[in-house]
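Given next are the chains, with one letter for each unit.
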Amino acid sequence: MEACHPRQQSNVTAYGVLTVAIITLEAFSGMCINAFIVCVLCIAWVKKKNLNSNEKILLLLACSRFWYLCIAWIYKFLSFIYPNYLYVQTILQLAVFFEAFFNHCNLWFSASLCGFYCIKIVTFRNRFFIYLKVKIDRMVPWLLLGSGILALAVGIVAYDVADKPHCNSNSTGQGNFGTANIKMDKHFFPSFFLAGFEYAASFMAVIFSAVFLLFSLWRHKRTMQTNSMKDLSRDAHIRAMKSIFSFLVVYSINFVCLVLNMVYVTKKLNHMTFLILVFQYIFPGLHSLILVFSNPKLEKALVKILPLERSVKRKVCKN
């Protein structure tokens, strides 16, 4: 394989090292959280020989986030510390393809999870919602397949575009490999248009899910009779609302960062691109942590392995 340009010596700055250190901390934290979700769900799958629809979405979401963080970290590490390795066309194209693919899988699977919560929990008597509530479990595999196809489309476009700025650029910026002198010509618009459309579509799915859940909870509280018994439906609504709204806040920040990343893709590393990188690497781990604490099975498994519970049990036993 031939490189587009002759090799250059790496010029690592203190700013670049700090950026890599922060990204590494965020990426490995996120990978640990998502690996934990995958392990718990796989163990449950082996024991029960089956997973419900919610767990299937969670499993694929955690897998996509784990591999996205892994590949994105490798790509950023090489672009900051060893940029010469990315001069090989195939390596650059594969890195961009897999990063784009798993990133969009992450977005669509998380949007699918929000939609699933919404359809399963809302109490509307509309025929369409009743039909979706009955058929949603059968629709989940097709929904996940469609999400994968959409993510694959973005990955293919990114793969095709990847070597164009690489071979047309004359210099390499720290952490911004092959994008120093990119001109926004016609080759980049299909990639940006498709990525922007998927960002907006998945974001709208999350917003609509949150609005429908909120309206359903409001209707339920309005029609609920006052009694001393614990209302399980209301508790389910509240748990789902906490999960969805916390995700909505995090997802909104991530959406803004994704859009800004498209705007600043041709810029060298500066304070704005640094903040965008930081928020983008926080999102996969932070939302997965929210999902862990909103899922009783995952939360129970997490508490079991924490040193805090062991120390509390020892104190109780001593007393």
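Because the structure is a prediction, the values reported are computed rather than measured. (Residues numbered from 1 in each chain as written. Predicted model: local features only at pLDDT ≥ 70, side-chain atom pairs only at ≥ 80, totals over all residues. Heavy atoms only, no water.)

If you trace the backbone, His-287 turns up in helix α7 (residues 271–294). On the accessibility criterion, His-287 (2% relative accessible area) is buried. A polar atom in the side chain of His-287 sits 2.8 Å from the side chain of Arg-65. Apart from residues no more than four positions distant in its own chain, His-287 is found in contact with Arg-65 and Phe-247. (Helix = DSSP H or I, 4+ residues; strand = E, 2+ residues; numbered from the N terminus. Buried < 20%, exposed > 50% of the residue type's maximum accessible area, 1.4 Å probe, protein only. Polar contact = N/O pair within 3.5 Å; in protein donor to acceptor, adjacent residues only side chain to side chain. Contact = heavy atoms within 4.5 Å.)

Quick look at the nonpolar core now. By size, the foremost hydrophobic cluster in this structure holds 39 residues, and its most contacted members are Ile-37, Leu-113 and Tyr-281. Listing elements by their share of this core, those giving two or more residues are α1 (14–48), α2 (53–81), α3 (89–121), α4 (127–168), α7 and α8 (296–305). Sorting elements by how many residues they give to this core places α2 first, with eleven residues. Beyond its immediate stretch of four places on either side in the chain, Tyr-281 contacts Ile-23, Glu-26, Ala-27, Leu-69, Ala-72, Trp-73 and Lys-76. Listed in part, the 15 residues of the second largest apolar core include Ala-195, Tyr-199, Phe-203 and Leu-248. (Core = buried A, V, L, I, M, F, W, Y, C linked by side-chain atoms within 4.5 Å.)

On to the environment of Thr-24, then. Secondary-structure assignment places Thr-24 in helix α1. A residue is classified by how much of its surface remains accessible, and Thr-24, at 23% relative accessible area, is partly exposed. The spacing of Thr-24 and Ile-74 is 50 residues in sequence and 9.4 Å in space, taken between C-alpha atoms.

Once that is clear, we can look at the environment of Gly-196. Following the sequence through the fold, Gly-196 ends up in helix α5 (residues 189–223). A relative accessible area of 23% places Gly-196 in the partly exposed class. Between the C-alpha atoms of Gly-196 and Leu-258, which are 62 residues apart in sequence, the distance is 8.5 Å.

What follows is about the packing of α2 against α7. Remark: α2 packs on α7, axes separated minimally by 11 Å, with the N-to-C direction vectors making an angle of 155 degrees. Classified by the interaxial angle, the pair formed by α2 and α7 is roughly antiparallel. Relative to α7, α2 is oriented so that their crossing is left-handed. Within the contact between the two elements, α2 uses Leu-58, Leu-61, Arg-65, Tyr-68, Leu-69, Ala-72, Trp-73 and Lys-76 and α7 uses Leu-277, Tyr-281, Phe-283, Pro-284, His-287, Ser-288 and Leu-291. Among the residues making up the contact of α2 with α7, the classes are represented as eleven nonpolar, two polar and two charged. (Axes fitted to C-alpha atoms, helices over the stretch in contact; angles between N-to-C directions. Parallel < 35°, antiparallel > 145°, perpendicular 65-115°, else oblique. Left-handed = near helix turned anticlockwise from the far one by under 90°. Nonpolar A, V, L, I, M, F, W, Y, C, P; charged D, E, K, R; others polar.)

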